[in-house]
Amino acid sequence: GTARFTLDPAFTVGEVNPRIFGSFVEHLGRCVYTGVFEPDHPTADEAGLRQDVLELVRELGVTAIRYPGGNFVSGYKWEDSVGPVEDRPRRLDLAWRTTETNRFGLSEYIAFLRKIGPQAEPMMAVNLGTRGVAEAIELQEYANHPSGTRLSELRRSHGDKDPFGIRLWCLGNEMDGEWQTGHKTAEEYGRIAAETARAMRQIDPGLELVACGSSGQSMDTFAEWEATVLKETYDLVDYISLHAYYEPVDGDVDSFLASAVDMESFIENVVATCDHVGARLKSKKKINLSFDEWNVWYMRRHQEEARTNPLDWPEAPRLLEDSYSVTDAVVFGSLLIALLRHADRVTVACLAQLVNVIAPIMTEPGGPAWRQTTFFPFSQASRYGRGEVLDVRVDSPTYQTAKYGETDLLHATAVRAEDGSVTVFAVNRSRTEPLPLTVALNGLDLTGVVEHSALADADPDARNTLEDPERVTPHAVDGTTLTDGTLTAVLEPLSWNVIRMS
Ligand code: AHR
């Protein structure tokens with residue numbers, strides 16, 4: 001069968017907030033050390049930042065970069081990470097059982113963002129695991145207050161004359177998870193998040209604050225957690241967070257390919273919960289969603305490694321270094337489509353993470369940096385997914401999945417740019433069959449196909465490695481046409497597609 005949908009500029013979802021192309025740098029494994037920061041590397045600049053990595057980060061098109069964790073933030077002492085490097089303490093990082101040298105800290109993070117370019121924005125998390133209100137506002141004063149106080153002058157004495165101007169802050173991380181240092185009940189967390197938000201807003205009412213939602217839709221406390229936390233924080237925060245990671249379970253690739261079904265239901269359930277609390281509070285305000293950790297992650301493999309190889313506090317070990325196949329990239333693209341399809345309420349999102357740790361960019365210490373398969377869907381979505389999301393309701397052939405039942409083979413969205421050009425992002429979930437696609441274009445002034453790019457491969461397990469870093473790249477697809485207001489294309493089996501029209 002043929003998959004079909006209609007595009008009409010009268011039917012839109014909402015404007016894409018550039019912040020949905022965010023990412024995440026945690027002090028975890030080699031994300032920071034020998035990832036973004038490696039003073040001895042041949043391409044390192046005067047700040048110790050790898051310029052080969054910086055170039056790839058720019059090409060990837062990331063916007064907001066969340067920092068410094070993740071689970072790491074729940075033991076984070078920001079004071080350790082500032083000032084003369086030789087005075088910074090070495091600390092145990094309980095979250096990942098490693099030693100943190102603090103050679104890279106807050107100032108280096110801001111320098112990294114500034115070097116990426118104006119599109120990069122800080123998104124700083126405060127520690128609400130082992131710490132609380134006082135440390136959060138001290139960090140805020142150090143980072144953002146211009147001058148003339150103890151902590152702003154301390155920053156200036158460390159060489160950072162200009163304030164960091166951090167607008168977007170996360171109030172802790174995954175506080176619902178029992179693995180979190182200083183884990184809390186929803187009531188406990190709701191209270192500390194509210195009081196931290198209140199204090200931070202006493203310094204600066206213009207901040208944008210993210211309260212922790214659930215670390216997954218499958219948590220026992222899911223939805224009740226959000227409702228309880230928001231009851232305490234509704235007027236004090238702007239966002240609630242969502243985290244989700246997907247992997248094939250017991251070799252069930254068909255369900256894995258449908259992971260976005262779960263992601264979309266997660267988003268819709270959190271929206272419903274936010275709006276329920278808003279209705280009960282008779283509030284006109286809407287809470288938006290910060291999907292600040294998402295990716296494909298072979299978590300079961302990691303858990304097995306952690307069980308059999310308890311880490312003895314090494315520095316920057318190889319942790320969570322997943323290598324991504326073509327299949328993984330297709331699922332990953334579908335997760336991006338899920339975010340875009342909900343652009344009206346998901347206004348921040350962070351791909352977890354940026355370098356080496358479940359990442360689109362890999363590096364070798366002293367060696368090269370390269371793009372994983374997942375790099376391409378992200379860079380294309382960030383580049384062409386700016387503008388207004390059009391409402392896409394597909395009529396698609398289906399397939400059976402053990403986890404989600406009957407599922408559409410086509411997953412798609414479309415974005416209309418300011419200049420009127422339209423890009424369709426589409427995934428064919430069939431592992432064996434090409435999928436013919438017909439799109440009716442109503443009231444759009446489009447004359448032709450600029451490009452149809454696809455990521456697909458005869459070997460669905462193909463990947464980019466140190467030995468073969470360019471094995472997988474997107475290719476151009478011929479034969480895609482736009483005639484009489486109809487787009488006609490064929491999507492290869494197991495493929496991620498970007499079809500640009502103008
Ligand atoms: O991104 C890896 C980890 O996943 C983060 O530290 C944590 O927040 C989540 O559980």
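The numbering scheme is per chain: residues are counted from 1 as the chain's sequence reads. At least 70 in pLDDT is required for a residue's local features to be given in this predicted model, at least 80 for side-chain atom pairs to be given and counted, and no such filter applies to totals for whole chains, interfaces and linings, which use all residues.

Enquirer: Just to check I follow, could you spell out the overall build of the chain for this structure?
Expert: Each helix and strand in the chain was counted, giving eleven helices and 25 strands. All radius of gyration figures rest on C-alpha atoms, and the globule criterion is 2.2 Å times the number of residues raised to 0.38. For the chain, whose C-alpha radius of gyration is 22 Å, the value lies close to the compact-globule estimate of 23 Å for 502 residues. In terms of overall dimensions, the chain has C-alpha extents of about 70 × 60 × 45 Å along its principal axes. Using C-beta atoms placed from the backbone, we call a residue buried if 20 or more other C-beta atoms fall within 10 Å of its own, exposed if 12 or fewer do, and partly exposed for counts in between. Taken over 502 residues, the chain has a buried fraction of 49%. Within the chain, residue pairs in contact and separated by at least 24 positions form 77% of the contacts whose partners lie at least 6 positions apart. Each helix corresponds to a stretch of at least 4 residues labelled H or I by DSSP, and each strand to a stretch of at least 2 residues labelled E; elements are numbered beginning at the N terminus. Contacts are defined on C-beta atoms placed from the backbone: any two residues whose C-beta positions lie within 7 Å are in contact.

Enquirer: What is the right way to look at the site of the ligand in this model?
Expert: Around the ligand, the structure places Glu26, Gly69, Gly70, Asn71, Asn173, Glu174, Ser215, Glu293, Ala352 and Gln353. Three classes are used, and their members are as follows: Ala, Val, Leu, Ile, Met, Phe, Trp, Tyr, Cys and Pro are nonpolar, Asp, Glu, Lys and Arg are charged, and the others, Gly among them, are polar. For the shell around the ligand, a count of residues per class yields one nonpolar, six polar and three charged. Note on definitions: a residue is near a molecule or strand provided its C-beta atom, placed from the backbone, lies within 6 Å of it.

Enquirer: Help me understand the pairing of strand 12 (residues 346-352) in this model?
Expert: On a regular strand, one side chain projects to one face of the sheet and the next to the other, so that they alternate. The element strand 12 is largely enclosed, with a buried count of seven among its seven residues. Pairing of strand 3 (residues 22-24) with strand 12 involves three bridges; the strand directions are parallel. From the neighbouring strand, phenylalanine 24 faces strand 12, where its bridge partner is alanine 352. DSSP bridges decide pairing: two strands pair if at least two such bridges lie between them.

Enquirer: For this particular structure, what's the right way to read the nonpolar core?
Expert: In summary, soluble globular proteins display a tendency toward joint burial of nonpolar side chains. Residues enter a nonpolar core if they are buried, belong to Ala, Val, Leu, Ile, Met, Phe, Trp, Tyr or Cys, and are joined to the set through C-beta atoms within 7 Å. The biggest cluster of nonpolar side chains holds 153 residues, and the ones touching the most others in it are Trp169, Leu171, Leu354 and Ile361. Counting residues per element, this core draws most heavily on helix 10 (residues 326-341), which supplies eleven residues. These domain boundaries are the output of an automatic or database domain assignment. Residue-level mapping places this core at the junction of two domains, with at least three residues from each of domain 1 (3-9 + 391-501) and domain 2 (17-384). Those residues in contact with leucine 354 that lie beyond four places of it in its chain are Ser23, Phe24, Val25, Cys31, Val57, Val62, Ile65, Ala359 and Ile361.

Enquirer: Would you mind going over unusual backbone geometry with me for this structure?
Expert: The general pattern is negative phi for most residues beyond glycine and trans for most peptide bonds. The linkage connecting tyrosine 67 with the following residue, proline 68, adopts the cis geometry, with an omega of 0°. With respect to the helices and strands, the residue proline 68 is situated in the loop between strand 4 (64-67) and strand 5 (91-93). The amide bond that connects alanine 352 to the next residue, glutamine 353, takes the cis arrangement and shows omega of 0°. By the element assignment, glutamine 353 lies in the loop between strand 12 and strand 13 (361-363). Positive phi outside glycine occurs at alanine 316, with the angle close to 40°. Counting through the fold element by element, alanine 316 comes out in the loop between helix 9 (299-308) and helix 10.

Enquirer: Would you mind going over the domain arrangement of the chain with me for this structure?
Expert: When the parts of a complex come together, some accessible area is lost, and that lost area is often used as the size of the interface. Domain annotation of the chain identifies domain 1 (3-9 + 391-501) and domain 2 (17-384). Here domain 1 and domain 2 have C-alpha centroids that lie 30 Å from each other. Each partner contributes residues to the interface: domain 1 has 35 residues there, and domain 2 has 31 residues. At the level of elements, strand 16 (398-401), strand 18 (410-416), strand 19 (422-428), strand 21 (449-455) and strand 25 (495-501) are the ones that each hand at least two residues to the side of domain 1 that touches domain 2.

Enquirer: Before we go on, may I ask you to explain the packing of helix 5 (residues 186-203) against helix 6 (residues 224-233) in this structure?
Expert: If you want to describe how two helices pack, look at the angle between their axes and the distance between the axes. Helix axes use the C-alpha atoms of the stretch in contact, all axes being lines fitted to C-alpha atoms, and the angles between their N-to-C directions lie in the range 0 to 180 degrees. Two elements in contact, helix 5 and helix 6, have axes separated by 8 Å at closest approach and are oriented at 35°. Read as a crossing pair, helix 5 and helix 6 show a hand that is right-handed. For the pair formed by helix 5 and helix 6, the contact residues are Ala186, Glu187, Tyr189, Gly190, Arg191, Ala193, Ala194 and Ala197 on the first element and Glu224, Trp225, Thr228, Val229, Lys231, Glu232 and Thr233 on the second. A class-by-class count of the residues in the contact of helix 5 with helix 6 yields seven nonpolar, three polar and five charged. Handedness of a crossing follows from how the near helix is turned relative to the far one, being left-handed for an anticlockwise turn of less than a right angle and right-handed for a clockwise one.

Enquirer: What exactly am I supposed to notice about the confidence of the model for the chain here?
Expert: Regions with low pLDDT carry predicted coordinates that are not meant to be interpreted in detail. Every residue carries a pLDDT, the predictor's confidence in it, which falls somewhere between 0 and 100. Counting all residues, the mean pLDDT for the chain is 97, and 100% of those residues have values of 70 or more. In the predicted complex, the global pTM is 0.98; the interface-specific ipTM is 0.99.

Enquirer: What is the right way to read the sheet that holds strand 19 from this model?
Expert: Within a beta sheet, neighbouring strands are joined by backbone hydrogen bonds and run either parallel or antiparallel to one another. Judged by pairing direction, the sheet is antiparallel, and its seven strands sit side by side in the order 2-15-18-19-25-21-22 without closing on themselves. This sheet does not close on itself; its edge strands, each paired only once, are strand 2 (12-15) and strand 22 (475-476). The sheet contact formed by strand 21 and strand 25 spans six bridges and is antiparallel. In the sheet register, serine 453 faces strand 25, and the bridge partner there is valine 498.

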